[in-house]
Amino acid sequence: MRKLGLVRDIDLALHLPMRYEDETRLVAMSSLRDFSIAQVQGVVQECRVETRARRQLVVRLADDSGELVLRLLHFYPSNQKTLAVGQLVRARGEVRGGFFGREMVHPEFRAVAPGAPLPQALTPVYPSSAQLPQAYLRKAVASALARAPLAELLPPEVLPAGLPTLREALQFLHQPSPEVPLATLEDHSHPAWQRLKFDELLAQQLSQAQAQAVRATLAAPALRQPAGGMASQLLAALPFTLTAAQQRVVAEITADIARPQPMHRLLQGDVGSGKTVVAALAAAVSIAAGWQCALMAPTEILAEQHFRKLVGWLQPLGVTVAWLTGSRKGKARDAMVAQVASGQAMLVVGTHAVIQHDVAFARLGLAIVDEQHRFGVAQRLALRAKLGEQTLEPHLLMMSATPIPRTLAMSYFADLAVSTIDELPPGRTPIVTKVFADTRREAVVARIRDELAQGRQVYWVCPLVEESEHLDLQNATATHAELAAALPGVVVGLLHGRMAGAEKASVMAQFTRGEMKLLVATTVIEVGVDVPGASLMVIEHAERFGLAQLHQLRGRVGRGAAASVCVLLYSGPLSATGRARLKAMAETNDGFEIARRDLEIRGPGEFMGARQSGDALLRFADLAQDSALLLHARAAAPRLLAEQPQAAQAHVLRWLGGKAEFLKA
Ligand code: ADP
Ligand code: MG
C-alpha cells in the first residue's frame, strides 16, 4: 500500500475505483446470454479433474432454471473443497457457449450460505498491484473511509450549485447504488466526481495564491536601468531595431525587475520571434546594476549559441561571460566556477550544469531559463535555490516558444506574469511546409541541389530512435553517406548526440559560417539554433515527431529573408493521428495554434514536462474537460483565503500534503 502512496486514511479515501462490477443481481442460468458478464448462484452437481488435452477442473453448477459449467485451467486443492458436490456457490464471469453447453472459464467464485444477502452497492475495482488483492484493498478503503477526517471544510457559498458534500461524494464513488448510470461514473460527469474535481482544483488555486502571497513578501534587488546605461548601449549597437512587440516586452520586463520583489515572468513568443535579444537586454540591466545574471538552456548546442551571441553583444561593453556545460570539466571548469563565485563573471551561460551543487553565485540578480518547457519542474526549483548566503531572491524570467494554453495559464501558472511577443521581425517570408512520402526522396534530393546552387543552406533532420541511441546514430550516419554520394562536391556535415561537445560546436560553427552547406543532424538541433542562411529543411520520418517538436525544428529555417521550405518526409502507412499531425503542420505556421492541437493529442501533464519529474499534477480534474470548474475554483480561491484563511489552509493540506512545494515552481 505504501508503494501505491496509500498511507493516510485520506489517501485511501481518495483512492477511487477505476471501474465497478455489478454483484447486486443474480441471473437465472436459463437466461444467460453468450459473451455477457453475469453473476449466478447454484449448487455443485459434479466436480471432477479432467486430464484430457490439459489438466483442468470442471464443475457442473445448477440453479432452479438450468445448468452451467465452470472451468478452471489452474486450480488448487482448496478450490476443489470450495466446489465440492452439494456446495452452494456464487460465481461471476463471462458466459460462453461451449461444446457441452454454456460455461464460464476462470470465473470469480465463492461458497455462500443459503440465504446469503447480495451486496446493495456496485463492487469497486481499484487501481492496484499484483501483490495487493482487491478484496484486501476494498476492506482497507472501506474502513479508512469511515475513519478519514472528511469534515466539510468549505462553506456552501464557494461550491458550485448542486454538488454533494465531500463525504457523500466519496461514499457514493466507493459504493455507488446499482441504479446509477455507469456512463456518468465512467466519464466523471456525475456530481460526486464534480465535487472531487472541484476540491482538487480549488486546492491548487489556493496553493498558487499562497505562493504568490509568499513571493510578495520576498525581497529581490531592484534592478534599475540608468539612462544611457548598458542596455541603451546594447540597443544602439544592434544591427536591427526591435519590433514593437519586442519593445513592449522589454518595457514589461525592465519595469518588473526594477521592483524590489522577485519577478516571476514567462516570455512567450513563437520560434524566431527574437526572444534572445530581449533576454540580453534584461541581462544588461541586471549587470549594470551590479547583479549577476544566469542564462540556462536545455542543450549544449543552444547554450553555446547563446554564449557566442551574448559574448558578441556584451563583451564589447565590458562584461565577462562564463560558460558552464556538462562537457566542460577539470581546470577550465574550476576557473569558471571561481569567476562565478567571485562575481568577476557577471553573466553565466550554460546548460543545467549551471545549477550543479558546487556552483555558487556571488550575487545572482536575474535567472533566465530558455525553452523552459524542456526543463523539469525540479530543475527550475533548483535554480531558484542557488542562492547560498544571499538574502535577496533573484528575478526569474522563463522563455518559451511553446505558449501555455489558457487553461494551464489559469491553473499552474496562475501566479505567473506573461509577456508575449506576437510579431516576427520584418522581412521574413512564411515557411511553406510540404508533406511527401519517403518514396519521393529523389525529388527531394533534386530540390536540395537547386537550393545549394542558389547559395543557400539545408538541414536534413533524422529522427530519434527512442529505444536506441545506437540505431539513431546508424540512421543519421547512413543518411549522411547517402546524401554525400548523391551530391558530389558538396560539404555535408553530420551532427548527433553522441559527439563530444567540442566536436559538435565545431560542426555547428562551420555550418553557421556557411562553410558547410548541408547539415545532417539528429534532433540535437531542435531548439533555438539560428543560422539565417538556411532556407530548406527536410525532416525524415516526420511521423515519429511530436507536433511541438516539428514546429521547433521547422523554426530553424525562415530566419533570413529567403523564402523557406520545410519538407516532411513520412514512411507510410500513416496512423490517423500521424496524418492529423502532419496535416496540422502543413496547415499552420502559428505556434499557438499548434500548441493547442498538441495539447489535444498529448494532454497537459506531458505538456508541462511533469512526466520528467514523475509527478502527475492533477489526479481527478482534466483541464481540457473541466474548464468550467476551473473558472469557478479560480473565483472562489481569493474569497476563501480572505474570509476563511484557516479553512483554506486545511483544504490545501488535505489535498496537496507535501506536494504544495512542487506547484510553486
Ligand atoms: P527565438 O525567439 O526563437 O529565440 P531568436 O532570438 O533566436 O528567436 O531570434 C531569431 C533571429 O532573429 C536571430 O537571428 C535574431 O538576431 C534575429 N532578430 C531578433 N530580433 C530582430 C529584429 N527586431 N529585427 C531583425 N532581426 C531580429
Ligand atoms: Mg530561442
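Residues numbered from 1 in each chain as written. Chains lettered and ligands numbered in written order. Predicted model: local features only at pLDDT ≥ 70, side-chain atom pairs only at ≥ 80, totals over all residues. Heavy atoms only, no water.

Chemist: Can you walk me through the side chain of His541 in this structure?
Modeler: Mapping His541 onto the fold places it in the loop between β21 (534-539) and α17 (547-554). His541 sits in the buried class, given a relative accessible area of 16%. Only 2.9 Å separates the side chain of His541 from the side chain of Glu543, close enough to count as a polar contact. In this structure, His541 is in contact with Pro463, Leu569 and Ser571, ignoring residues within four places of it in sequence. (Helix = DSSP H or I, 4+ residues; strand = E, 2+ residues; numbered from the N terminus. Buried < 20%, exposed > 50% of the residue type's maximum accessible area, 1.4 Å probe, protein only. Polar contact = N/O pair within 3.5 Å; in protein donor to acceptor, adjacent residues only side chain to side chain. Contact = heavy atoms within 4.5 Å.)

Chemist: Even after reading the chapter, I still don't get the pattern of salt bridges, so can you show me in this structure?
Modeler: Opposite charge on two side chains lets them pair, provided their charged atoms get close. Tallied over the full model, the rule gives 28 salt bridges. Among the salt bridges present, the one from Asp11 reaches Arg8, with a minimum N-O distance of 3.0 Å. On the accessibility criterion, Asp11 (13% relative accessible area) is buried. Relative accessible area serves as the criterion here: at 40%, Arg8 is assigned to the partly exposed category. In this structure, Glu515 and Arg513 form a salt bridge, with 2.7 Å as the shortest nitrogen-oxygen distance. What emerges from the salt-bridge pattern is a single network uniting Arg248, Glu252, Asp256, Arg259, Arg265 and Asp422. (Salt bridge = Lys/Arg side-chain N within 4 Å of Asp/Glu carboxyl O.)

Chemist: In this structure, what is going on with the nonpolar core? I would like to understand it.
Modeler: Within soluble globular proteins, side chains that are nonpolar tend to cluster in buried spots. Leu314, Leu347 and Leu366 are the most contacted members of the largest nonpolar core, which totals 45 residues. Examining the composition of this core, we find that 10 residues originate from one element, helix α9 (residues 275-288), more than from any other. Among residues more than four places away in sequence, those in contact with Leu366 are Leu223, Ile257, Met263, Ala282, Ala283, Ser286, Gln292, Cys293, Ala294, Pro394, His395 and Leu397. Counting 40 residues, the second largest nonpolar core, distinct from the first, contains Leu159, Leu166, Leu196 and Leu206. (Core = buried A, V, L, I, M, F, W, Y, C linked by side-chain atoms within 4.5 Å.)

Chemist: Please clarify how the sheet that holds strand β17 (residues 432-437) should be interpreted in this entry.
Modeler: To summarise the sheet geometry, strands pair through backbone hydrogen bonds and adopt either a parallel or an antiparallel arrangement. Reading across the sheet, the 6 strands line up as β17-β22-β21-β18-β20-β19 and stay open at both edges, with parallel pairing between neighbours. Two strands lie at the open edges of the sheet, namely β17 and β19 (492-495), each paired on one side alone. Taking the axes of each pair of neighbouring strands and ignoring which way they run, one obtains an average angle of 20 degrees across the sheet. With 4 bridges connecting them, β21 and strand β22 (residues 565-570) associate as parallel partners. Bridged to Ile539 within β22 is Leu568. (Pairing = 2+ DSSP bridges. Axes fitted to C-alpha atoms, helices over the stretch in contact; angles between N-to-C directions.)

Chemist: Sorry if this is basic, but what is going on with the site of ligand 1 here?
Modeler: Surveying the vicinity of ligand 1 reveals 17 residues, the closest of which are Gly272, Lys275, Thr276, Arg428 and Asp530. Within the side chain of Lys275, a nitrogen or oxygen atom sits 2.8 Å from an oxygen atom of ligand 1. For ligand 1, whose unbound accessible area comes to 570 Å², protein coverage reaches 88%. (Near = heavy atom within 4 Å. Areas by Shrake-Rupley, 256 points an atom, 1.4 Å probe, with all protein chains shown as cover.)

Chemist: Looking at this structure, how should I read the pairing of strand β11 (residues 292-296)?
Modeler: In regular strands, side chains alternate between the two faces of the sheet. The buried fraction of β11 is high, at 5 of 5 residues. A two-sided burial pattern is seen for β11, the buried positions comprising Gln292, Ala294 and Met296 on one face and Cys293 and Leu295 on the other. Sheet analysis places β11 next to strand β13 (residues 347-350), joined by 4 bridges and oriented parallel. When the bridges of β13 are listed, Met296 appears paired with Gly350.

Chemist: Sorry if this is basic, but what is going on with the sheet that holds strand β15 (residues 395-400) here?
Modeler: Overall, parallel pairing links the 7 strands, which are arranged β12-β13-β11-β14-β15-β10-β16 in an open sheet. The open sheet has two edge strands with one neighbour each: β12 (321-324) and β16 (417-421). Ignoring which end each strand starts from, the neighbouring axes of this sheet average 20 degrees apart. As defined by bridge partners, β11 adjoins strand β14 (residues 364-369) across 5 bridges and the pair is classed as parallel. Bridged to Ala294 within β14 is Ala367. Along the sheet, helix α11 (residues 330-342) makes contact with β11, β12 and β13, crossing β12 at roughly 130 degrees.

Chemist: Could you clarify how one ought to interpret the packing of helix α7 (residues 230-237) against α9 in this entry?
Modeler: To characterise two packed helices, one gives the angle between the axes of the helices and the distance between these axes. Between α7 and α9, the least distance of the axes is 8 Å, while the angle of their chain directions is 145 degrees. Between α7 and α9, the contacting residues are Met230, Ala231, Leu234 and Leu235 on the first element and Ala280, Leu281, Ala284, Val285, Ile287 and Ala288 on the second. The class makeup of the residues in the contact of α7 with α9 is 10 nonpolar, no polar and no charged. (Nonpolar A, V, L, I, M, F, W, Y, C, P; charged D, E, K, R; others polar.)

Chemist: Explain the packing of aromatic side chains here, please?
Modeler: Each aromatic ring pair is characterised by the separation of its centres together with the angle its planes make. Taken as a whole and judged by the stated rule, the model has 4 aromatic pairs. Judged by centre distance (5.8 Å) and plane angle (65 degrees), the rings of Trp193 and Phe620 are edge-to-face. Separated by 427 residues along the polypeptide, Trp193 in helix α6 (residues 191-217) and Phe620 in the loop between α21 (610-613) and α22 (627-643) bring together distant segments of the chain. By relative accessible area, which is 6% here, Trp193 ends up buried. Among the aromatic residues, ring-to-ring pairing joins Trp193, Phe620 and Trp655 into one connected group. A cation over a ring is seen here: Arg363 above Trp291, with NZ or CZ 4.0 Å from the ring centre. (Phe/Tyr/Trp six-rings, centres within 6.5 Å; stacked < 30°, edge-to-face > 60°. Lys NZ or Arg CZ within 6 Å of the ring centre and 35° of its normal.)

Chemist: I would appreciate a short explanation of the environment of Ala38 in the present structure.
Modeler: With respect to the element layout, Ala38 can be found in strand β2 (residues 37-50). Here the alpha-carbon distance between Ala38 and Glu23, two residues 15 residues apart in the chain, equals 8.4 Å. Residues in contact with Ala38, not counting those within four places in the same chain, are Val27, Leu32, Ala91, Arg92, Gly93, Val95 and Met104.

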